[in-house]
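# Summary of structural features
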Number of protein chains: 2
Amino acid sequence: MSEVVTKSKLAKQAAQTIANLTTEQKNAALLLMADALVTEQQAIIEANVIDLQRGKDNGISTSLLDRLALNEKRIAAMAEGLRQIVELPDPIGDTLEQFDRPNGLRIQKIRVPLGVIGIIYEARPNVTVDAAGLCLKTGNAVVLRGGSSALSSNEKIVEVLHGALKRSDIPVDALQLILSPDRSSVDEMLKLNGLIDVLIPRGGHSLIQIVVHNASVPVIETGAGICHTFVDESADLEMAIRIAVNAKAQRPSVCNSMETLLVHEAFASRHLAAIADAFQSANVELRGDDRARHAVSSMKEASAQDWATEYGDYILNVKVVDNLDEAIAHIRQYGTMHSECIVTEDASHAERFLQEIDAAAVYHNASTRFTDGFEFGFGAEIGISTQKLHARGPMGLPALTSTKYRIYGSGQIRE
Amino acid sequence: MSEVVTKSKLAKQAAQTIANLTTEQKNAALLLMADALVTEQQAIIEANVIDLQRGKDNGISTSLLDRLALNEKRIAAMAEGLRQIVELPDPIGDTLEQFDRPNGLRIQKIRVPLGVIGIIYEARPNVTVDAAGLCLKTGNAVVLRGGSSALSSNEKIVEVLHGALKRSDIPVDALQLILSPDRSSVDEMLKLNGLIDVLIPRGGHSLIQIVVHNASVPVIETGAGICHTFVDESADLEMAIRIAVNAKAQRPSVCNSMETLLVHEAFASRHLAAIADAFQSANVELRGDDRARHAVSSMKEASAQDWATEYGDYILNVKVVDNLDEAIAHIRQYGTMHSECIVTEDASHAERFLQEIDAAAVYHNASTRFTDGFEFGFGAEIGISTQKLHARGPMGLPALTSTKYRIYGSGQIRE
């Protein structure tokens, strides 16, 4: 039996135990895990040095090396993340609905764990801790398959977490790490129906597409964000600039940052120069359509491909539109339905935008950067779902659960 | 562009319109559809005759011919099904959560349609009407791909429904039927990410497995049911027999019927003969393990494969178990986690069973045959989900929805 199958079977077995633990038992284990990370930080850092050295030898980029690197501060943050998960309410066992049928049957809909969650991710070793914490808190077993560049770090982290689990009520087998660096171990996970209940890929576009297009296990797709801000004719100029610059430049690398600014033509004719100045002050390169470049001649020309590009960088497309209808049509054509914003003082335009744009998060007069589990008050998140099935938008703990119906009878049969 | 792509694009376009229609507009269309089916029943029956004749020429089975056949009574039932959908509450637009953040953002979680739903099914033409009604009521566009054996019937039904939609506010393009009988049209639908949001296969095991294992579009799996009833030591004999016989024999062909009866050894030693008599009176063939056959020598021997078989027929496996633990272990090994029942007078055993068995529906003292949208009071259902993601168990209208977050701000940006 392969490593993936062996470990997934152990996870499935452990899932039956952890599903029935109390919140107190799970929280106690999470606190032990947090403490162990801090206590054994030196060993983790030493393992991380091996990954960093191999990364340098292999010539990986500075930004990848930065994502990979662990130090005392980052390990403390990982431990703090686990402690924050302890504070979150445990959704397992919640009664979501209860009703009685005319024949006397009492039916309850109860939150239960998903079972075994497979997480496929890339270089960041903090995902190992985050994902383990979120899955275990929700009574799920987890099979982790991190990037090979972080293998030593991940192996040591999981060893430390296993040490903590041994002193807790959570079975050690509920947390599995796949050590094989071969792509074939990913392929195997994708097809493991019956052993893995759900796959959540975390990482770049290419990883996510491989999982979405090849998995037969149900997948929650996360990640891609081509987000827009539409500045309407009636927008407040100062607010429009503040929101748009924040949406683009506060952290351009993340999925909820803006890639394209749409500006009503009447507003653009008065204010596009001021808007462009604000972005230039924020070191953002602007690429415009003909009308935008007519107003601000310093802009580069946006190519057909640019409207469909997630830059993740200090680059912004700017398009002047006739009206709300054209803005909605553009977003429907190019948006990934992640986070979309309208800045307007016209309440009816705001309502139309929020109704007609079918995105995970639609904003009136606020930056798209708020699409985030912490900002929504959910606490830590396992990702931001960009699909419509099961969960959409920031995924808090309830996104890691399923339900079951409990039916209480007194001998009822179907006629 | 292929038929599948062309029609799915039209459906996606129409989805943007139907998502924003009112309940009244959608209900008016459903009533027009119901009326049209009755008014034009003669044309539908004539088209059905073509399918039936082709089926006979191709030598398809009597039971398949029966599923395929339409008459005035069956068409009236299809129309009545649409009228019942009109009566169901429309989940679209419901506010599921609303909360304010410390920074003043107001966040609402709203039910929205999934978008475009693809339904892949087999011979029953009534699915064409059911699926169209359920999807349109929930503001979704639908791409139907029925079995080629029902093609003439489905084509005429959709023509009739399109005629009704033309007199309504629902765009005709919201209802698409794929006419190509080639398997390649199914393959194409499975990979149509971006145009089809969700696929729901309805039919036999093989169809469902093809969809689950080959789709990159998210799938809701339905169908397979290896369901158990465990008769505990303290069970009431009369109740146990009533529930078990109902679970097996009331309609053996459906997924929520029982395939294996587990009996506590103390109960079996006293009552297995009486139980066997009851099943023999219901024309059910019994296949037992050694202990069951020791008590009732007329039973055939159950093979290793039998415990993992969904008979869908008047055949039942019988196994004598030591206790509740062995019953739970057997169900975990062989169950498809659809519907599982314990018959017991011991409340603590009932609670353990309902807690520890992780199935879509877990029953205490009631027949597994109740796992059904109508029986749960949900009204018509699109199927019974046997996966844990998105929906589990009978899927009423809310299972055909997604959510979005609407966020109202006053200029908030992320620090």
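Residues numbered from 1 in each chain as written. Chains lettered and ligands numbered in written order. Predicted model: local features only at pLDDT ≥ 70, side-chain atom pairs only at ≥ 80, totals over all residues. Heavy atoms only, no water.

Take the sheet that holds strand S8 (residues 258–264) of chain B next. Spatially, the 10 strands line up as an open sheet ordered S1(A)-S2(A)-S16(A)-S13(B)-S12(B)-S7(B)-S8(B)-S11(B)-S9(B)-S10(B), and their pairing is mixed. Here the strands that pair on one side only, and so sit at the sheet edges, are strand S1 (95–100) of chain A together with strand S10 (300–301) of chain B. Strand direction decides the pairing type here: strand S7 (residues 227–231) of chain B and S8 of chain B, joined by five bridges, are parallel. Counterpart to Phe230 of chain B in the pairing with S8 of chain B is Leu262 of chain B. (Pairing = 2+ DSSP bridges. Helix = DSSP H or I, 4+ residues; strand = E, 2+ residues; numbered from the N terminus.)

Bringing the pattern of salt bridges into the picture now. Residues and elements named next belong to chain B. Going through the model one piece at a time under the given rule, you end up with 53 salt bridges over all chains. The partner of Glu301 in a salt bridge is Arg293, with the nearest N and O atoms 3.8 Å apart. What makes Arg293 partly exposed here is its relative accessible area of 29%. It is possible to trace a salt-bridge network through shared partners that takes in Glu265, Arg291, Lys319, Asp322 and Glu326. (Salt bridge = Lys/Arg side-chain N within 4 Å of Asp/Glu carboxyl O. Buried < 20%, exposed > 50% of the residue type's maximum accessible area, 1.4 Å probe, protein only.)

This brings us to the relation of the copies chain B and chain A. Mapping chain B onto chain A calls for a screw motion: a turn of 180 degrees about the axis and a shift of 0.0 Å along it, with 0.0 Å RMSD after fitting. Expressed as an axis order, the relation between the two copies is that of a two-fold axis. Across chain B, the rotation axis passes nearest the C-alpha of His390 of chain B, at a separation of 1.8 Å. Comparing interface residues between copies, 100% of those in chain B also sit at the interface in chain A, which points to an isologous, same-surface contact. (Least-squares fit on C-alpha atoms with pLDDT ≥ 70 in both. Contact = heavy atoms within 4.5 Å.)

On to the pairing of strand S2 (residues 106–113) of chain B. Residue and element names in this part refer to chain B. Burial analysis of S2 places seven of its eight residues in the buried class, the great majority of the element. Direction of pairing for strand S1 (residues 95–100) relative to S2: antiparallel, over a ladder of five bridges. Counted as the bridge partner of Thr95 is Ile110 from S2. Remark: five residues form the turn of the hairpin made by S1 and S2, two consecutive strands paired antiparallel; Gly104 in that turn has positive phi of roughly 95 degrees. As judged from the eight bridges shared by S2 and strand S16 (residues 401–412), these two strands associate in the antiparallel manner.

It is worth spelling out the packing of aromatic side chains at this point. Summed over all chains, the structure comprises eight aromatic pairs over all chains. Both rings, one in Phe376 of chain A and one in Tyr405 of chain B, keep their centres 5.0 Å apart while their planes meet at 80 degrees; by these two values the pair is edge-to-face. On the criterion of chain membership, the pair formed by Phe376 of chain A in the loop between strand S13 (361–366) and strand S14 (384–385) and Tyr405 of chain B in strand S16 is interchain, its members lying in two chains. The pair formed by Phe376 of chain A and Tyr405 of chain B is uniform in burial state, with each residue classed as buried. On the basis of an interplanar angle of 85 degrees and a centroid distance of 5.7 Å, the ring pair of Phe376 of chain B and Phe378 of chain B is categorised as edge-to-face. An aromatic cluster of three or more residues is present, and its members are Phe99 and Tyr405 of chain A together with Phe376 and Phe378 of chain B. Lying over the aromatic face of Trp307 of chain A, Lys319 of chain A brings its terminal NZ or CZ to 5.7 Å of the ring centre. (Phe/Tyr/Trp six-rings, centres within 6.5 Å; stacked < 30°, edge-to-face > 60°. Lys NZ or Arg CZ within 6 Å of the ring centre and 35° of its normal.)

Attention now moves to the sheet that holds S2 of chain B. Reading across the sheet, the 10 strands line up as S10(A)-S9(A)-S11(A)-S8(A)-S7(A)-S12(A)-S13(A)-S16(B)-S2(B)-S1(B) and stay open at both edges, with mixed pairing between neighbours. The open sheet has two edge strands, strand S10 (300–301) of chain A together with S1 of chain B, and neither has a second partner. In the sheet, S13 of chain A pairs with S16 of chain B via five bridges, with the strands oriented parallel. Within S16 of chain B, the residue paired with Ala361 of chain A across the bridge is Tyr405 of chain B. The sheet contacts of helix H10 (residues 237–249) of chain A involve strand S7 (227–231), strand S8 (258–264), strand S11 (315–321), strand S12 (339–343) and S13 of chain A together with S16 of chain B, and relative to S16 of chain B the element is tilted by about 125 degrees. Docked against the sheet, helix H14 (residues 347–356) of chain A engages S7, S12 and S13 of chain A together with S16 of chain B, running at close to 150 degrees with respect to S16 of chain B. (Axes fitted to C-alpha atoms, helices over the stretch in contact; angles between N-to-C directions.)

Averaged over all residues, the pLDDT of chain A equals 96, while 100% of them reach at least 70. Note on the complex model: pTM 0.93, ipTM 0.93. (pLDDT = per-residue confidence, 0-100.)

Attention shifts here to the side chain of His228 of chain B. Residue and element names in this part refer to chain B. Note on placement: His228 falls in strand S7. Judged by relative accessible area, which is 0%, His228 ranks as buried. Residues contacting His228, with those up to four places away along its chain left out, are Met258, Thr260, Leu262, His330, Ile331, Tyr334, Gly335, Ser339, Glu340, Cys341 and Thr368.

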